[in-house]
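# Structural overview for review
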Amino acid sequence: RDGLEIIGECASTSGGAGGGGLDAILLDAGSSDSSLAMSCPPAAFATKKFVQSACDSLAASGVLVVNCVDRGGEEYASYVGVLKDVFGSKQVFVHKVSGMVNRVMVAVKGDASVDEKGQAVSKPLAAHTIKPVHGDHDDIDQTSFTLADA
């Protein structure tokens, strides 16, 4: 089945705000078309409708983790805006993967906070260990995430 369909079903059975049961949604779907400014996530997963469904599917302290491929177009700024509209402007964090066009984005449902440097010190974010499973990106941890700024 399609991910859009599954998240839509989860959202419709969750009862809305805070009623979802998923602790995390990991979104790593995209196109290999390097001519696209933002090939990951695909446009259908970057809509306000999908992001709201994902948020509604999450438990009160759940997180949406997205692999975002940004090659410098307006699509990335628009997507950050959608995430902030749904989750809140202080709830969306990003880690730019060095030497790549990827950004790991985390939208936190629940109370999040940042330190004076804009680094994530969110209890919900801290509860979810974020580490790569392969590769040489050992620079990713909770403190490498800062508030997303389009």
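Residues numbered from 1 in each chain as written. Predicted model: local features only at pLDDT ≥ 70, side-chain atom pairs only at ≥ 80, totals over all residues. Heavy atoms only, no water.

### Some thoughts on the overall build of the protein
- Within the protein one finds four helices and six strands.
- Secondary structure elements of the protein, listed N to C terminal, follow the sequence α-β-β-α-β-α-β-β-α-β.
- Classification of the 150 residues of the protein by burial places 43% in the buried group.
- Restricting to contacts in the protein with at least 6 residues of sequence separation, those with at least 24 account for 66%.
- Just so you have it, the protein exposes about 7700 Å², and 52% of that area is on carbon and sulfur atoms. (Helix = DSSP H or I, 4+ residues; strand = E, 2+ residues; numbered from the N terminus. Buried < 20%, exposed > 50% of the residue type's maximum accessible area, 1.4 Å probe, protein only. Contact = heavy atoms within 4.5 Å. Areas by Shrake-Rupley, 256 points an atom, 1.4 Å probe, with all protein chains shown as cover.)

### Focus: the nonpolar core
- Formed by 25 residues in total, the largest nonpolar core has its most connected members in Val51, Leu64, Tyr79, Leu83, Phe87 and Met105.
- Elements with a minimum of two residues in this core: β1 (22–27), α2 (48–57), β3 (58–70), α3 (74–87), β4 (92–96) and β5 (102–108).
- A per-element tally of this core places α3 first, with seven residues.
- Once residues within four sequence positions are removed from consideration, Tyr79 is found in contact with Leu27, Met38, Pro41, Phe45, Ala46, Val51, Val66, Cys68 and Met105. (Core = buried A, V, L, I, M, F, W, Y, C linked by side-chain atoms within 4.5 Å.)

### Description of the pattern of salt bridges
- Applying the stated criterion to the full structure yields one salt bridge.
- The partner of Asp70 in a salt bridge is Arg103, with the nearest N and O atoms 3.2 Å apart. Here Arg103 lies in strand β5 and Asp70 lies in strand β3, a separation of 33 residues in the sequence.
- For Asp70, a relative accessible area of 11% translates into the label buried. (Salt bridge = Lys/Arg side-chain N within 4 Å of Asp/Glu carboxyl O.)

### A look at the confidence of the model for the protein
- For the protein, per-residue confidence averages 76 on the pLDDT scale, and residues scoring 70 or more make up 69% of the total.
- Ranking the elements of the protein by mean pLDDT puts helix α4 (residues 123–127) last with 47 and α2 first with 94.
- Predicted confidence for residues 123–135 stays below pLDDT 50, and this span has 26 contacts to residues more than four positions away or in other chains.
- The low-confidence segment residues 137–142 (pLDDT under 50) makes 20 contacts with residues lying over four places distant or belonging to another chain. (pLDDT = per-residue confidence, 0-100.)

### Structural notes on the pairing of β3
- The buried fraction of β3 amounts to 11 of the 13 residues, a majority that puts the element mostly inside the structure.
- In the sheet, β1 pairs with β3 via five bridges, with the strands oriented parallel. Pairing of Leu26 across the sheet is with Val65, part of β3.
- Relative to β3, strand β2 (residues 38–40) runs antiparallel, the two sharing two bridges. When the bridges of β3 are listed, Cys40 appears paired with Val69.
- Taken together, the seven bridges between β3 and β5 define a ladder with antiparallel strand orientation. (Pairing = 2+ DSSP bridges.)

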